[in-house]
Structures are given as structure tokens and as C-alpha cells.
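The primary structure of each chain is shown beneath.
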Amino acid sequence: MPVPGPFPKPIHILGIGNIGKLLAYALKQSRPSAPVTLLFHRPGLRSEWSAAGQSITYTTPSSPSPQKATGFDVELVSARSSAPHGTLPEIDNLIIATKTYATAAALNLIKPRLSRHGTILFVQNGWGTAASARRSVFSGPEWAGLKYWSAVSTAGVYTPSDGAQSSPRKGGGFSIVHAARGTLQLGPVHPLCQGENEMITRLVEADILNARVLSHDELQLAQLRKLMVNAMINPLTVVFNCKNGDLIEKPGRVALMRRLFDEAVPVLFALVHPGETEGLEEFATELWEHVWRVAHDVRENYSSMYQDVAAGRPTEIDFINGVFLREGRRRGIETPLNAVLVGLVKRGERVKDEDIERYFGVGDVRKGKL
């Protein structure tokens, strides 16, 4: 008879949005006895959790019969939490799936509980959040043993409202619809973080995540490809007040998307190949084809940024198109169109098709010409 191995350590998940719930459900579905702890950042989530039957409900468009995952542990983590950190278990495996702008504040809440040799997996939009957390939250030498991983998810997940994805609603509950399976690409933020990892293994085992492990270089490229997709779709759905498919069905919007892309791609190329110029055209061609493919694949969806605005939440624009502005300035690459787009999103302005030229100051876009 085989000798059983040690009982797995809990995986803690901070950020219970759609992706956080998908990961939690997948981990429990794959190994029901392995511990998963949901970290709630506000007291009201406890009552929502009770109302949901202390379970995560999962459906897919092809199989609308709901499935439930139970057996989670839950903890409240907030600045007003009454439990002293010393009475709570140490956190060895942490998934952070919060919005990018909340990363540092969220990590500081649980920093005293983190194992000095633990692993943090960042499952977020944007670029550079792990490196930023390392500088701002874990800069001391005592954190030298902490391992940083990141993930790029292409899954389509939304919260059901009235049963139609076309009507995103405020709030979330603990139900999700897994609309598009996609992939979960996992990789070390730094090559030294590579190696066997219990949390990563458990995620790869969870079939519905379609997860695979990448090298550090492969992860970086996957993150930049996802960044470009988000930058070309998310903010435009906000300023045009539309779902994803409405962008690619109107020539003027497609032309604007292409101009924004052409402006941003040299910045991304410089991040992947610093100091190089050869291969930019090939890089741009392949990346545009990728953006266009994804835009078609998610045409029936509303972008996460659209849903944030609809729910009255802040957007992640500074960590998406804002990356082009910051990194472009450092390299002397101008990105004026992306700067206009960032400003429009921050001010909550909407744009009509006949006004694209006035807002962006480029060409006649009504017939798809820029």
C-alpha cells in the first residue's frame, strides 16, 4: 500500500472577482479534500457568502445546469479585522486576483502572515504589478526567499445577472458562467523562482483551467500579448459604450484601434527586445493578428473595464494603456493617441463615431480611414 504524502497546504485566494472564483471552483473540483481559503476584504462578503449557501456556483453556456463547489474556508482580512495576526495560520500559497490598483494595499493587509519562503501568484491584468509589489511591499532582505509567479488567463468568465451576458449588473455574488474555456499560462516572474511548486501543480491539475507552465521569457511575451489585447479592446468599449463585437463591426472604430496599436507596438517591442530594431515589423504583424483573433473570439462579451464602469468601480486604465505612456516616455516614444484614450476613460467621457476625428485629431475615420 502506498504511503500517503503530506497533506497539502492551503491555497489562499485574495480577490474574489470572476477569475478568483473560477480558480477557487477549479481547485475544489479537482481535489475536493485539498484546502482552499477565500480571503474576504470587507465584512459584507460574509453575508453574501452565507446567502450563496457557502458555495461557488458554476455553469457553462453549453451545460447550464449549475454545479456547486463547497468546503472552502473563509477569513476576513481588513484593516479593521479584530483577529490578531498571531492567531491566524501562516500563508504559504497566495493567489492575488485583486484589481491591479489594489495590489499593494491588499498585500499589506496580510503581509505579517506571509511565509518568508512562500509563493505569490499574481493573476491580474496589466504589466509589472509583481515587480512593483516586490519593490514597494517586499523590499526588505527578509523577503529574499519569497517566490513570485504570474498568470495570464484568457478564459471568458462573467457573473450571471438576469441570465443574459448582455446585461452586466452591479454586485457579484458567488455564481459564475464560464463562457470561454481559454487557457491559464503560469510562469515565474524571475528565472530564479522556477522549480517545483505545490500551488502551481494543483492549478495545472485542475482540468477546466487548461493550465500550463511557461518559462520566464515565455511568460513575459504572453503578458505583453494580453496587455495589447486589453489595451485595444477594454477602453474602447468604455468610450463607445458598447460590447466587444461592436468595435470590430464598425470601420471607423477598427481604424482607430489600428492607429492606437501602431502607436503602442514599438513600446512593447522595446520591452521584449530592449535596444533592438530588427524584427519590429514581423512582431507587429503577428501581434495584430492575435489581437484581431481575440477580438472576434470575445465579440459577444462585455470587457472587464466596461463591467467595472457599469458597476461604479475604478478602472485599471493606468495599468493597461497607461503602461504605454510611462514606458514610452522612458524610451522617447510618443503615444499621444493612447494618452487621449486614457484621459477619456478617466473623465468618463463617451465618444460618438462622427466625433472620433475631433477627439483623436487623426484623419477621416468614418469610412475606416486614418
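Within an unreviewed UniProt entry, the label attached to the protein reads 2-dehydropantoate 2-reductase, and the organism entered is Echria macrotheca. We quote the UniProt Sequence similarities (unreviewed entry) comment for the protein here in full: "Belongs to the ketopantoate reductase family."

Another aspect to go through is the packing of aromatic side chains. Taken as a whole and judged by the stated rule, the model has twelve aromatic pairs. An angle of 75° between the planes, with centres 5.9 Å apart, marks the rings of tryptophan 49 and phenylalanine 72 as edge-to-face. Highlighted residues: tryptophan 49 in helix 2 (residues 44–51) and phenylalanine 72 in the loop between strand 4 (63–69) and strand 5 (73–76), separated in sequence by 23 residues. The buried category is assigned to tryptophan 49, whose relative accessible area is 3%.

Glancing now at helix 4 (residues 129–136). Where helix 4 is concerned, the buried positions are Thr129, Ala130 and Ala133. In an axial view of helix 4, the angular spread of the buried residues amounts to 100°, which keeps them on one side of the axis. Here the buried face of helix 4 lies against helix 3 (103–110), strand 7 (114–123) and strand 8 (147–153).

With that settled, the discussion passes to helix 6 (residues 216–239). For helix 6, with 24 residues, the first-to-last C-alpha span of 35 Å sits near the 34 Å given by 1.5 Å per residue. Maximum bend of helix 6: about 30°, positioned at asparagine 230. Residue asparagine 241 follows helix 6 closely and has a positive phi angle near 55°.

What counts, and at which threshold
Residues numbered from 1 in each chain as written. Predicted model: local features only at pLDDT ≥ 70, side-chain atom pairs only at ≥ 80, totals over all residues. Heavy atoms only, no water. UniProt positions renumbered as here; feature names shortened; annotations may be inferred. Phe/Tyr/Trp six-rings, centres within 6.5 Å; stacked < 30°, edge-to-face > 60°. Helix = DSSP H or I, 4+ residues; strand = E, 2+ residues; numbered from the N terminus. Buried < 20%, exposed > 50% of the residue type's maximum accessible area, 1.4 Å probe, protein only. Arc of directions from axis to C-beta. Contact = heavy atoms within 4.5 Å. Expected span 1.5 Å × (residues − 1). Bend = angle between axes of the 7 residues up to and from the residue.

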